Each structure stands twice: as C-alpha cells, then as structure tokens.
Amino acid sequence: MALASHRHISSCLCSIHSSLCYSTRPEMERSSLQRQLANLKKSLFDQGNLDEQFDQLEELQDDASPNFVEEVVTLFFRDSSRLVANIEQAIEKSPRDYGSLDALVHQLKDSASSIGAAKMMKECTVFREYCDKRNLEGCLRSFQKVKKEHSTLRLKLENYFQLLRQVGPAEKATRSGN
Amino acid sequence: MSSPRGTKACGGVAADRQIHVLAVDDSSVDRAVIARILRSSKYRVTTVDSGKKALELLGLEPNVNMIITDYWMPEMTGYELLKIVKESSELREIPVVIMSSENVPNRINRCLEEGAEDFLLKPVRPSDVSRLCNRMR
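Model, not experiment: these values are computed from the prediction.

### Describing helix H6 (residues 118-132) of chain A
Think of an α-helix as turning once every 3.6 residues; residues three or four places apart then point the same way. All names here are of chain A. Taking 1.5 Å per residue, 15 residues should reach 21 Å; H6 reaches 21 Å between its end C-alpha atoms and fits that length. Against helix H4 (68-92), helix H5 (98-115) and helix H7 (136-167) lie the buried residues of H6. Phi turns positive, to about 55 degrees, at Arg-134, one or two residues after H6.

Okay, structure coming up:
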C-alpha cells in the first residue's frame, strides 16, 4: 500500500515538473525580470534618486506614446550633459561670473524636476545657495555631488529601460491595466 | 471616445474644431512633457522654444485657443510675451497661462494683473491642465 502511494506521488511530481519545464520557463524568466524591474524601481525611489514626478510621467505613457518616459529621460540627459559641461567651463573661468553660473544651475535644476530627479534637484539647490554666497569651495563641492548623481542616475535609468525592454509587452499591458 | 486613464478628454472632442494650444518653453524636456499632457487630453498642440517664435506662429496661424508659456526664457520672458499678446488687438482674447518652477508671489501677481489666465507651478501635472479646460477661447 505504502509503495503504491509513493509511486503515485512521485509520478504526480514528475508530471508537474515536466509541465513546469515545458510551458512556464518563459513565464518564470519574465517574472524574474519583473521582480528585478520592481526592485530597481523601488531602489530608485527609496534612495531618493526619483520622486513622484517620475510616476506622473509613467502614467502619461500609453499605446499612443509607448516610449514616452524613455524619450523624455533621453532628452533630459542630452540637455543636462550639455549644462554640466557649461557649468564646468563657467566654474573654471576667471574672473568667475556667479550670475551666469547660477543661471546654468537653475536650468539644470528645472530640467531635473521635470523628470522627478529628486536628488539632482536637491544638489542643485545647495549649489545655487553657494553661488549666491559666492563661495567657491562650496560650489566646487556641490558640483562634484551634482556630477556624481548625474552619472549614478544615468546608469540606473539605463538599466531600468533595458529591463523594461526585456520584460516587454506583457509588462506594459500589466501597467496599463489591460 | 475613450479618454486616457485619469484625464478628462475635455480638449478636442468636437468634430469640427479641435482645440489648439501653443506651448512655449525653451527646455526640450518641458516641451515634451507639456505636449504629452495636453495631447493626452486630446488637444492639438504646437510647441515652440521661444517667445519670438510664438509671435511668428501667432501671426501666421489665427486658430490658437490658448497659449501656455514658461516664465523664464532667454531673450523674451513669458511675462513679456504675455504683455505683447494682451496689447495686440488680434491676439488679446487668447488666454495665456504662465508656468514657472518658482513660487514667487510678486511674479504671480504681476502676471495675473497683466491678464494671465492662470499660473502653474512646475513640474506641471495632468490635473493642472484639466482645470484649464473651461478657460479655452
């Protein structure tokens, strides 16, 4: 009796196992990617790199504009890289024009706020305060932080969009509630 | 017509006339965002990157139902654009909305006194735009 039920159980297990292998491996891979995606997004928010403005942008994405967020983020990094380079020049110029420097940092901050780049916004605010006080050392220090956050954010968002692409249409369908 | 999740499609549902908004902003990121918000509410949107280009377009294209402009722009600010529009007999009826990332009461008051329809703080949200619905010409 015991032997028969053991054989029964193990054959059940075998058929479950093979059906899992046969039909759900792609689903298992996708759900692992989805988990990675969710974790990455959570980390971006928990670490303060992004705020709810980013969520607002994702809400605007739909079938008519399926890559809206990535397009806007690409525009942001194009503009912000140019601004960072201009700030670099302005900060090294002698004599220093703190007014122009502040105007550049202001632009960078505004751009950051439009995509929800919260940490960049904060670092820019500190930078502007040092500009206001004409404190060169403070400016240099906060500029280092701005550049660091800029690189970090770029990398994290590149990963994010790459994962999104891998997860593919199913993820988009889920997000749009279909 | 189904409206996008969370936004009222008050924009351009009438078959004969779609509401046309001119968005003015020197930031490409902000132009992309405001255009998307407006389009998701079914408005027809034209974006330009300066006050000067806005005036050129207004000279050529009479069918603009609303202007939404950034405040801080090089060469011509949103306030200066507002003044020119309100002083023009052809353009003065067009509602003008100003956007700014800075909450400066004096600035807001000055714009409203000059005839601005509304003043939006950036970053602009879909909910900010849906309240402009009723102000279109």
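### Some points on the sheet that holds strand S4 (residues 96-100) of chain B
All names here are of chain B. With parallel pairing, 5 strands are arranged side by side in an open sheet as S2-S1-S3-S4-S5. Sheet topology places strand S2 (44-48) and strand S5 (118-121) at the edges, where each strand pairs with a single neighbour. Sheet twist, expressed as the average angle between the axes of neighbouring strands with direction ignored, equals 20 degrees. Here strand S3 (residues 66-70) runs beside S4; their pairing, made up of 4 bridges, is parallel. Counterpart to Asp-70 in the pairing with S4 is Met-99. Sheet contacts for helix H4 (residues 105-113): S4 and S5; angle to S5, the most-contacted strand, approximately 150 degrees.

### Focus on the pairing of strand S1 (residues 20-24) of chain B
Residues and elements named next belong to chain B. Burial analysis of S1 places 5 of its 5 residues in the buried class, which makes it a mostly covered element. Neither face of S1 is exposed, since His-20, Leu-22 and Val-24 on one face and Val-21 and Ala-23 on the opposite face are all buried. Where S1 lies against S2, 5 bridges are found, and the strand directions are parallel. The residue of S2 that forms the bridge with Val-24 is Val-48.

### Here we look at the interface of chain B and chain A
In this assembly, 17 residues from chain B lie in contact with 22 residues from chain A. Summing both sides of the interface, chain B and chain A together bury roughly 1,700 Å²; the carbon and sulfur share of this comes to 50%. Across the chain B-chain A interface, the total number found is 3 salt bridges. Here Glu-52 of chain A and Arg-125 of chain B are joined by a salt bridge, their closest N and O atoms 3.6 Å apart. Viewed at the interface, chain A and chain B are joined by 7 residue pairs in polar contact (both at pLDDT 80 or more).

### Some words on the UniProt feature "modified residue: Phosphohistidine" (unreviewed entry) in chain A
According to UniProt, the "modified residue: Phosphohistidine" (unreviewed entry) feature falls on His-106 of chain A. Within the fold, His-106 of chain A resides in helix H5. Those residues in contact with His-106 of chain A that sit more than four places away from it in its chain are Arg-128 of chain A together with Trp-72, Ser-101 and Glu-102 of chain B.

### Remarks on H7 of chain A
Residue and element names in this part refer to chain A. The terminal C-alpha atoms of H7, which comprises 32 residues, lie 46 Å apart, in line with the 46 Å expected from a rise of 1.5 Å per residue. Looking at where H7 begins, the residue whose side-chain oxygen comes 3.2 Å from the main-chain nitrogen of Glu-137 is Asn-135. Of the residues flanking the end of H7, it is Gly-168, one or two places downstream, whose phi is positive at about 80 degrees.

### A short note on unusual backbone geometry
What is expected of a backbone is that most residues other than glycine have negative phi and most peptide bonds are trans. In the segment running from Ser-94 of chain A into Pro-95 of chain A, the intervening peptide bond is cis, with an omega of 5 degrees. Along the chain, Pro-95 of chain A turns up in the loop between H4 and H5. At the junction of Lys-122 of chain B and Pro-123 of chain B, the peptide bond is cis and its omega measures out at 0 degrees in the coordinates. By the element assignment, Pro-123 of chain B lies in the loop between S5 and helix H5 (126-130). In the Ramachandran plot, Lys-42 of chain B falls in the positive-phi region, its phi being about 70 degrees despite a non-glycine side chain. Turning to its location among the elements, Lys-42 of chain B is positioned in the loop between helix H1 (28-40) and S2. Phi is positive for Glu-75 of chain B, which is not a glycine, with a value near 70 degrees. Mapped onto the fold, Glu-75 of chain B is located in the loop between S3 and helix H3 (78-87). Relative accessible area serves as the criterion here: at 79%, Glu-75 of chain B is assigned to the exposed category.

What counts as what
- Residues numbered from 1 in each chain as written.
- Chains lettered and ligands numbered in written order.
- Predicted model: local features only at pLDDT ≥ 70, side-chain atom pairs only at ≥ 80, totals over all residues.
- Heavy atoms only, no water.
- Helix = DSSP H or I, 4+ residues; strand = E, 2+ residues; numbered from the N terminus.
- Expected span 1.5 Å × (residues − 1).
- Contact = heavy atoms within 4.5 Å.
- Pairing = 2+ DSSP bridges.
- Axes fitted to C-alpha atoms, helices over the stretch in contact; angles between N-to-C directions.
- Buried < 20%, exposed > 50% of the residue type's maximum accessible area, 1.4 Å probe, protein only.
- Buried area = accessible area lost by both parts, 1.4 Å probe.
- Salt bridge = Lys/Arg side-chain N within 4 Å of Asp/Glu carboxyl O.
- Polar contact = N/O pair within 3.5 Å; in protein donor to acceptor, adjacent residues only side chain to side chain.
- UniProt positions renumbered as here; feature names shortened; annotations may be inferred.

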